Amino acid sequence: MRKQLKINIKSLFLITLFSAILTGCQIESEPKSKLDQIRERGVLRVGTLNNQLSYYIGTEGPTGLDYDLAKLFAEQLNVKLEMKPAYSFSGLFPALERDEVDIIAANLTVTPNRLKKFRSGPVYYYVSQQLIYKKGQWRPRNIKNLIEQENHLTIPKHSSFEGALYSLKSDNPDLEWKTNSNLGVGELLKQVASGEINYTIADSVEVALSQRIHPEIAVAFELTEDQPIAWYLNKSNNESLLGVMIEFFGDLKQSGELVKLEEKYFGHVETFDYVDTRAFIRAIDGKLDRWEPLFKKYAGEFDWRLLAALSYQESHWRPNATSPTGVRGMMMLTKPTAASVGVRNRLDPEQSIKGGSKYLSKIVKRIPDSIENHEKIWFALASYNVGFGHMMDARRLTQKQGADADSWGNVKERLPLLRQRKYYSKSRYGFARGDEAKKYVENIRRYYQSIVGYELEKYNDKLESVDINVDNLATINVIIEELPDTVSAATATSSEE
């Protein structure tokens with residue numbers, strides 16, 4: 001009996017051991033989810049486009065709407081961020097299929113063709129597709145006009161525009177177009193502006209941004225209704241990564257952070273002044289090189305291009321500029337302001353730029369800490385124009401009306417109300433030309449965007465001379481953001497994956 005019991009215990013042990021081994025093998029054989037892979041690797045790899053909306057390297061490092069969002073997402077996952085920018089649409093989805101990137105974040109529209117192979121994340125804004133032509137040339141009003149002209153329509157290969165055109169072709173069989181696998185939307189818009197091609201198609205936001213560099217491009221007509229923009233990831237039986245992504249965007253929308261980021265990158269592009277923009281681009285070509293060293297020298301905590309944009313708004317980069325109210329110089333300083341920042345000669349360009357930067361820095365330090373750092377500058381610029389007290393009146397009015405007084409997007413809509421008696425009579429500092437202050441800040445933002453786009457285009461022009469296979473995802477710059485408790489970054493030179 002004792003011997004039988006010993007045998008049974010031994011058998012039970014062997015069965016248990018075998019089961020454990022078998023179970024372990026099954027666990028090891030099960031493929032890990034994409035979310036688990038990212039966390040185990042410790043790096044989120046993001047495919048994107050190298051342009052002024054999604055991702056580019058600025059004077060203070062990487063920036064762009066998708067970069068900011070991806071950085072926040074990586075922080076939520078508690079991993080590092082690796083950006084992998086491509087030159088055109090052609091390289092993005094193949095890289096996702098090859099598992100070279102985990103997600104695509106490149107301001108891409110959600111289309112039926114893309115959803116056949118990939119999963120889209122939550123929608124974070126909308127755009128429409130627009131037919132673009134050169135201002136001064138004949139403008140087609142509809143698809144039939146376009147067909148009658150028999151002029152070339154060129155679009156990027158593998159873009160969402162192809163799907164829209166194929167849909168239109170069913171009712172317009174004579175509709176023809178060319179695709180270009182080597183050039184992205186920005187480059188084709190540039191070719192329309194130069195007259196190299198007649199027409200292209202672009203998303204409404206990209207058109208608005210490109211007009212800051214190429215004011216000649218114009219909208220012929222809307223090709224589609226508003227379409228959703230989202231990130232993309234591979235389809236999988238395990239939707240854990242998608243689940244976290246949905247939660248992430250939900251939290252951003254609920255907190256108001258998403259609205260603030262969109263305001264940061266394209267909240268200022270609602271209006272477009274062709275004459276003013278053209279004059280500014282000419283000024284960049286003819287004047288900026290002369291003053292750029294001084295803007296860089298005295299930029300301090302600011303991006304020098306922002307200081308240059310402020311100076312253009314104030315004086316159009318004229319050292320002897322004088323207003324009827326007595327403000328003078330490159331930064332149009334008043335006598336008391338000049339004295340407060342140590343400027344003895346307001347007409348001396350170097351003193352004026354140095355003093356203007358110092359004065360702006362003083363204002364920024366007064367902006368309440370409840371306002372996010374990337375928005376403080378807009379409140380400071382409004383104060384530079386209309387006065388700190390009036391800016392604070394606009395914040396108090398915003399709060400009284402139940403909106404977020406720490407959001408520039410909300411406060412800028414209340415600034416013009418300070419002209420109306422029913423509002424300024426109850427404010428602490430009274431009447432103010434708040435509408436002018438709003439326009440002032442938005443102009444500076446547009447000028448700044450023009451300089452950024454201008455420089456980015458020059459950078460990309462240089463890269464065109466490099467032999468790069470744009471059908472593959474090219475790592476132009478790889479920025480690794482360390483976890484929040486460390487500070488370091490690594491930049492890789494141009495190479496191909």
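Residues numbered from 1 in each chain as written. Predicted model: local features only at pLDDT ≥ 70, side-chain atom pairs only at ≥ 80, totals over all residues. Heavy atoms only, no water.

(A) Spotlight on the packing of helix H13 (residues 304-315) against helix H16 (residues 373-386). It is at 13 Å that the axes of H13 and H16 come closest, and there the two elements cross at 25°. Taken together, the axes of H13 and H16 lie roughly parallel to each other. Handedness of the crossing formed by H13 with H16: right-handed. Residue-level contacts link Leu-306, Leu-310 and Glu-314 of H13 to Ile-377, Trp-378, Leu-381 and Tyr-384 of H16. By residue class, the composition of the contact of H13 with H16 is six nonpolar, no polar and one charged. (Axes fitted to C-alpha atoms, helices over the stretch in contact; angles between N-to-C directions. Helix = DSSP H or I, 4+ residues; strand = E, 2+ residues; numbered from the N terminus. Parallel < 35°, antiparallel > 145°, perpendicular 65-115°, else oblique. Left-handed = near helix turned anticlockwise from the far one by under 90°. Contact = heavy atoms within 4.5 Å. Nonpolar A, V, L, I, M, F, W, Y, C, P; charged D, E, K, R; others polar.)

(B) Region of the structure containing the nonpolar core. Core analysis: the biggest nonpolar cluster contains 58 residues, and Phe-295, Trp-317 and Leu-381 have the highest contact counts within it. Broken down by element, this core gets its largest block of residues, nine residues, from helix H20 (residues 434-463). Judged by nonpolar contacts, the second largest core, of 43 residues, contains Ala-95, Trp-177, Val-185 and Tyr-199. (Core = buried A, V, L, I, M, F, W, Y, C linked by side-chain atoms within 4.5 Å. Buried < 20%, exposed > 50% of the residue type's maximum accessible area, 1.4 Å probe, protein only.)

(C) Representation of the side chain of Glu-162 within the structure. Residue position: Glu-162 is located in helix H7 (residues 161-169). The side chain of Glu-162 sits in the buried core without any salt bridge; Lys-157 is the nearest counter-charge, 7.5 Å away. Apart from the residues lying within four places of it in its own chain, the contact partners of Glu-162 are Ile-155, Pro-156, Lys-157, Trp-177 and Thr-179. (Lys, Arg positive; Asp, Glu negative; His and termini not counted. Salt bridge = Lys/Arg side-chain N within 4 Å of Asp/Glu carboxyl O.)

(D) Spatial organisation of the pattern of salt bridges. Taken as a whole and judged by the stated rule, the model has 31 salt bridges. Between Glu-100 and Arg-98 there is a salt bridge, with the nearest N and O atoms lying 2.8 Å from each other. Put simply, Glu-442 and Arg-445 hold a salt bridge, and the shortest N to O gap is 3.4 Å. Remark: Arg-445 and Glu-442 occur in helix H20; sequence separation between them is three residues, near one turn of the helix. Side by side, Glu-442 and Arg-445 carry an identical accessibility label, which is buried. Linked through salt bridges whose partners overlap, the residues forming this network are Lys-34, Arg-41, Arg-45, Asp-99 and Asp-102.

(E) Region of interest: H16. With 14 residues, H16 extends 21 Å between its outermost C-alpha atoms, agreeing within 8% with the 20 Å of an ideal straight helix rising 1.5 Å per residue. Count one or two residues on from H16 and you reach Gly-387, which has phi positive near 105°. (Expected span 1.5 Å × (residues − 1).)

(F) How the structure looks around unusual backbone geometry. Non-glycine residue Asp-99 carries a positive phi angle of around 65°. With respect to the helices, strands and loops of the structure, Asp-99 is situated in the loop between helix H4 (92-97) and strand S5 (103-109). Despite not being glycine, Asn-107 has its phi angle at roughly 50°, a positive value. Among the secondary structure elements, Asn-107 is positioned in strand S5.

(G) Spotlight on the sheet that holds strand S8 (residues 129-134). Within the open sheet, the three strands sit side by side as S11-S8-S12. Their pairing is antiparallel. In this open sheet, the two edge strands, each paired with only one partner strand, are strand S11 (200-203) and strand S12 (217-222). The mean angle between the axes of side-by-side strands here comes to 45°, regardless of whether they run parallel or antiparallel. Here S8 pairs with S11 via four bridges, running antiparallel. Considered in S11, the bridge of Ile-132 is made with Thr-200. (Pairing = 2+ DSSP bridges.)

(H) Structural context of the packing of aromatic side chains. For the structure on display, the rule yields 21 aromatic pairs. With 4.9 Å between their ring centres and 80° between their planes, Tyr-312 and Tyr-447 make a pair best called edge-to-face. On the criterion of sequence distance, the pair formed by Tyr-312 in helix H13 and Tyr-447 in helix H20 is long-range, its members being 135 residues apart. Through successive ring pairs, a cluster of aromatic residues spans Phe-73, Tyr-124, Tyr-125, Trp-231, Phe-248, Phe-249 and Phe-266. Over the ring of Trp-378 we find Arg-445; its NZ or CZ atom is 4.6 Å from the centre of that ring. (Phe/Tyr/Trp six-rings, centres within 6.5 Å; stacked < 30°, edge-to-face > 60°. Lys NZ or Arg CZ within 6 Å of the ring centre and 35° of its normal.)

(I) Representation of the pairing of S8 within the structure. Summarising burial for S8: five of the six residues are buried, a large majority. As paired strands, S8 and S12 are joined by five bridges and run antiparallel to one another. Within S12, the position partnered with Lys-134 by the bridge is Ile-217.

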